[in-house]
Amino acid sequence: MASVHESLYFNPMMTNGVVHANVFGIKDWVTPYKISVLALLYEMTASKMTLPERRRLNKLILPLQQGPDLTLGQFLNTVEECCPQTAYAVKLRLHEMADGELKDMEYFFSTLPTPFTAFDSEAYKTSVVGLFMRHMLLAYNKLSFSQVYKLYKSLQHYYHSHYAKPANGQVSLPVLVADDSYMDLTSTESTEDTVGDRVDKEELDTPLHESELQSDNTPSRGPLSQKQAEYFLARQAYLLKNDENKALKPTALQEELNNMLKFNPDFAEAHYLNYLNSMRVQDIFLSAHSLLHYFDRLILSGNEGKSNGDEGYGRSLRYAALNLASLHCRFGHYQQADLALQEAIRIAQESNDHVCLQHCLSWLYTLEQMKGSDSTVLTEDSVKMAGHFCLPYLASLGIQSLVQQGATQGKTAHKLMDALKDTDILHWKHSLSELIEISLAQTTSIWRMYGKSTMALQQAQLLLNMSSLEPVNFGVQQNNTEAFAVALCHLAELHAEQGLYSAVAEIFQHLKEQFPSHTQHAKLWMLCDLKIQFERHMNEGKYHLAEPLVTAISALNKTEGLYRKAQVLKALHRSTEAYNILQRLQAHCEKTKCTEIIIRVMLSTAELHWESSGFSTALPVLLQALALARQHHLQSLASEAILHLAFTQLMLGVPEQALSVLHEAMEPVLAHGAVMDKGRALLLAARCQIAVAGFRPNGQVQPDLHLAALVVDTLNEAAAYFSKLNCKERLRDVHYLQAQLHRSVGQTLQSNKSAMLFRLLDQELQSPAPPVSMQL
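Residues numbered from 1 in each chain as written. Predicted model: local features only at pLDDT ≥ 70, side-chain atom pairs only at ≥ 80, totals over all residues. Heavy atoms only, no water.

**Topic: the overall build of the chain**
- Each helix and strand in the chain was counted, giving 37 helices and zero strands.
- Counting across all 776 residues of the chain, residues that qualify as buried make up 52%.
- For the chain, the exposed area adds up to about 35,900 Å²; of that, 54% sits on carbon and sulfur atoms. (Helix = DSSP H or I, 4+ residues; strand = E, 2+ residues; numbered from the N terminus. Buried < 20%, exposed > 50% of the residue type's maximum accessible area, 1.4 Å probe, protein only. Areas by Shrake-Rupley, 256 points an atom, 1.4 Å probe, with all protein chains shown as cover.)

Shown next, in the form of structure tokens:
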């Protein structure tokens, strides 16, 4: 839930993706690149094109106008992707001006449509194109003759440098930086020729910026204009929140922000984006440093010095403490987080800020959950107060937290689903898309925990096929949020359980593309991938390949790693070491109340008792595991516990009772179980039926041929399941039983065939198989 809460404090100063203006005192520049954009807009209004091409170009207008300056090659390639004919026309237009004379550029500006009269075109005065044209025409008309000449020379250099690159491949492109005095369109002073002399040769040689639109790894150089800085920060902040994979790489973004702060160290929003970027790479020092700098600059640059009210000095202080608490929570520094949270609560109480207090209460119960304490009462209080102050986001978040706690405490599924249904109504009513995604991911996890794989699959598909409600990302079916990562991981595990490893590989390939290894949610699919690989190697009997994975799993999750280490040791018949680890793990999980791992540890402990023929000592452990699974409504684990009980009873010589107990678990296993569980259940059922019927090779009792045929069908079905997973050890058991069964009913040919298959597998595995397998 920590990652859910972090989105609450994305930035109070960057709401809706808008960064504060008036950061730089630099006006928009008159550049050759802007003339290229003007040529594109002219061709769009003058030429005819197909509707899809026009739509693509319309989407491109704002990024081209507001983004950093592109080189000519980047600009033409971007336009060519949308409309090749228009790109060629723009190239011709620029060629006419650059290879012609100054009068050709003058003629181009004189032929532009007038925004005040172009009623039926995109260049109307209130349109995006019209506003840009008005701005450029006014700026151009205010230039003196010497400035126009320098602009023309700069355009020539801009155009020709694209076709004549230096040997080192670097293109040095000129920029004509207009001074504030003559670029201010509201100024009443006339511009003199002497103003142009202020632009010296050093400024003309300043390199242009390269755009994030073309290369995410290529940062821009030189100071950005005010609008460019606003656009860059808003775009990167939005991408870091919703689609981190499309944002600049951490190193490139850091260089860009350092370059921006070099020209304006007091740019508060740049410090905040630096904080978000540092969080991506888990840099605790730099993230805390940037966060403190952000609020320091925010307070210093504020116009209000009040300590009370919704704005001003006091508000910045309490939200600074709150963000610092969330930062420490993210890195597991619970003591520091608690101190920062208490400070935020104290300041909010002094200012009577109920909204901030509610955010503090939300983080307080989240912090208690992270510590492993029971935070139910705090969460319920938070939900009540959030409803009282009309804060639907926090109220829904609190209910989702209560549902999560209820699932781990053994609440029934219908109560949890009713609570989630009520919150879903609230989410759709207020268009809380982020919470809708979290709700669906949480429902998927709950169904998986209860062992209902079909319902979990349905909820995961519902989330993955849901269109985004984000205004900027409307219609996109996937965001790079934690909810989608969780749903995709569940989907991969469900496919792996059915032996569909090719589909699993495709899912993980998609996860690696959507969530690269440096992103904050990459640990989810990394752990999931390692667990699936481990289970596959264990099923195939390749313990030497499964053992190295234990270390990698432990690095991501110590509890999961310890459990799988015990599994490997048990498979290698190092029972004493495995037993010690299991006992230590069970004591740890009882403290942390991790019920699922406790039950799995009990089942593994019972299997260790089997190895020493201690079937009677395994019964109390299995009964305890079954009671715990039923208490928490964990159907999958309950069915597995019943399979272990049935096997134990079979080994104790009561196959009739084992078969009766087995029938209770057979339906849920075949409906929702993994392929391995289905095969094990069918193999165990066949063993019980053989034991009950008394089939013996060369036996004195006349065998029941109909029952024998049913048992053979059951064994064939079990063999099909084991073949899916390439589980040769269990296939060997199946062929052994088939050979005995066929011999007992006098079917010598089929018996010899099964015996041959058994012999081939036994030679391949090179491990002795006991007459009666001691494993389930």
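Still more to cover.
**Some thoughts on the packing of helix α33 (residues 655–672) against helix α34 (residues 675–693)**
- In the contact formed by α33 and α34, the axes pass within 10 Å of each other and the chain directions differ by 155 degrees. The angle between the axes of α33 and α34 places the two elements in the roughly antiparallel class. Here α33 and α34 pass one another in a crossing that is left-handed. Facing α33, whose interface residues are Pro655, Glu656, Ala658, Leu659, Leu662, Met666, Val669 and Leu670, α34 presents Asp677, Lys678, Ala681, Leu682, Leu684, Ala685, Cys688, Gln689, Ala691 and Val692. (Axes fitted to C-alpha atoms, helices over the stretch in contact; angles between N-to-C directions. Parallel < 35°, antiparallel > 145°, perpendicular 65-115°, else oblique. Left-handed = near helix turned anticlockwise from the far one by under 90°. Contact = heavy atoms within 4.5 Å.)

**Here we look at the side chain of glutamate 560**
- Assignment of secondary structure puts glutamate 560 in helix α28 (residues 558–571).
- A polar side-chain atom of glutamate 560 sits 2.4 Å from a polar atom in the side chain of arginine 564.
- If sequence neighbours within four positions are ignored, glutamate 560 has contacts with Lys531, Ile553 and Ile597. (Polar contact = N/O pair within 3.5 Å; in protein donor to acceptor, adjacent residues only side chain to side chain.)

**Considering the pattern of salt bridges**
- This structure, assessed with the given rule, holds 23 salt bridges.
- In this structure, arginine 448 engages glutamate 497 in a salt bridge whose closest nitrogen and oxygen atoms are separated by 3.0 Å. Linking arginine 448 in helix α22 (residues 433–450) with glutamate 497 in helix α24 (residues 482–497), this pair joins segments that are 49 residues apart in sequence.
- Notably, a salt bridge pairs arginine 600 with glutamate 640, separated by 3.9 Å at the nearest N-O pair. Here the residue arginine 600 occupies a position in helix α30 (residues 595–611), and glutamate 640 occupies one in helix α32 (residues 635–651), the gap between them amounting to 40 residues.
- Overall, the relative accessible area of 28% leaves arginine 600 in the partly exposed class.
- Under the relative-accessibility criterion, glutamate 640 is labelled buried at 17%.
- Here the salt bridges share partners, and the residues they tie into one network are Arg448, Glu493, Glu497, Lys531, Glu535, Glu560 and Arg564. (Salt bridge = Lys/Arg side-chain N within 4 Å of Asp/Glu carboxyl O.)

**Considerations on the packing of aromatic side chains**
- What the rule picks out here adds up to eight aromatic pairs.
- Ring centres 3.7 Å apart and planes at 0 degrees place the aromatic pair phenylalanine 109 and tyrosine 140 in the stacked group. Residue phenylalanine 109 is found in helix α6 (residues 102–111), and its partner tyrosine 140 is found in helix α7 (residues 128–141); the two are separated by 31 residues along the sequence.
- In textbook terms, an aromatic cluster arises when at least three aromatic residues are bridged by ring pairs, as seen for Tyr272, Tyr275, Tyr294 and Phe295.
- When the ring centre of tyrosine 501 is taken as origin, the NZ or CZ atom of arginine 536, which lies over that ring, is 4.1 Å away. (Phe/Tyr/Trp six-rings, centres within 6.5 Å; stacked < 30°, edge-to-face > 60°. Lys NZ or Arg CZ within 6 Å of the ring centre and 35° of its normal.)

**Some points on α22**
- Across its 18 residues, α22 extends 26 Å between first and last C-alpha, which sits within 8% of the 26 Å expected from 1.5 Å per residue.
- Taken across its 18 residues, α22 has 15 buried, putting it largely inside the fold.
- Within two residues after α22, glycine 451 carries a phi angle of roughly 85 degrees, on the positive side. (Expected span 1.5 Å × (residues − 1).)

**Thoughts on the environment of glycine 746**
- As for its position among the elements, glycine 746 is in the loop between α36 (728–744) and α37 (748–765).
- Residue classification places glycine 746 among the exposed positions, given a relative accessible area of 54%.

**Observations regarding unusual backbone geometry**
- Although it is not a glycine, serine 431 sits at a positive phi angle of roughly 55 degrees.
- Classification of serine 431 by relative accessible area gives partly exposed; the value is 49%.
- In the Ramachandran plot, serine 613 falls in the positive-phi region, its phi being about 60 degrees despite a non-glycine side chain.
- Residue position: serine 613 is located in the loop between α30 and α31 (615–631).

**Overview of the environment of leucine 391**
- Within the secondary structure layout, leucine 391 lies in the loop between α19 (376–388) and α20 (392–408).
- A C-alpha to C-alpha distance of 8.7 Å links leucine 391 and glutamine 358, two positions 33 residues apart in sequence.
- Excluding residues within four positions of it along the chain, leucine 391 makes contact with Val355, Gln358 and Ala386.

**Observations regarding the side chain of serine 375**
- Looking at the element boundaries, serine 375 is found in the loop between α18 (354–371) and α19.
- For serine 375, a relative accessible area of 1% gives the class buried.
- Other than its neighbours up to four places away in sequence, serine 375 contacts Tyr365, Glu368, Gln369 and Gln405.

**What to know about helix α3 (residues 51–66)**
- The terminal C-alpha atoms of α3, which comprises 16 residues, lie 24 Å apart, in line with the 22 Å expected from a rise of 1.5 Å per residue.
- Taken as a whole, α3 carries its principal kink of about 30 degrees at leucine 60; the proline proline 63 stands between one and four residues after it.
- By the burial criterion, the buried members of α3 are Glu53, Arg54, Leu57, Leu60, Ile61, Pro63, Leu64 and Gln65.
- Looking at the packing, one finds that the buried side of α3 touches α2 (32–46), α4 (72–82), α5 (84–98), α7 and α12 (226–242). (Bend = angle between axes of the 7 residues up to and from the residue.)

**As for the packing of α32 against α34**
- Orientation of α32 relative to α34, taken along the N-to-C sense of each, is 25 degrees, at an axis distance of 11 Å. Here α32 lies roughly parallel to α34, going by the angle between them. Seen along the crossing, α32 lies across α34 with a hand that is left-handed. Here Glu640, Leu643, His644, Ala646, Phe647 and Leu650 of α32 come into contact with α34, specifically with Asp677, Arg680, Ala681, Leu684, Arg687, Cys688 and Ala691.
- Its residues assigned to classes, the contact of α32 with α34 shows eight nonpolar, one polar and four charged. (Nonpolar A, V, L, I, M, F, W, Y, C, P; charged D, E, K, R; others polar.)

Such coordinate-based values are descriptive only and should not be taken to indicate function.
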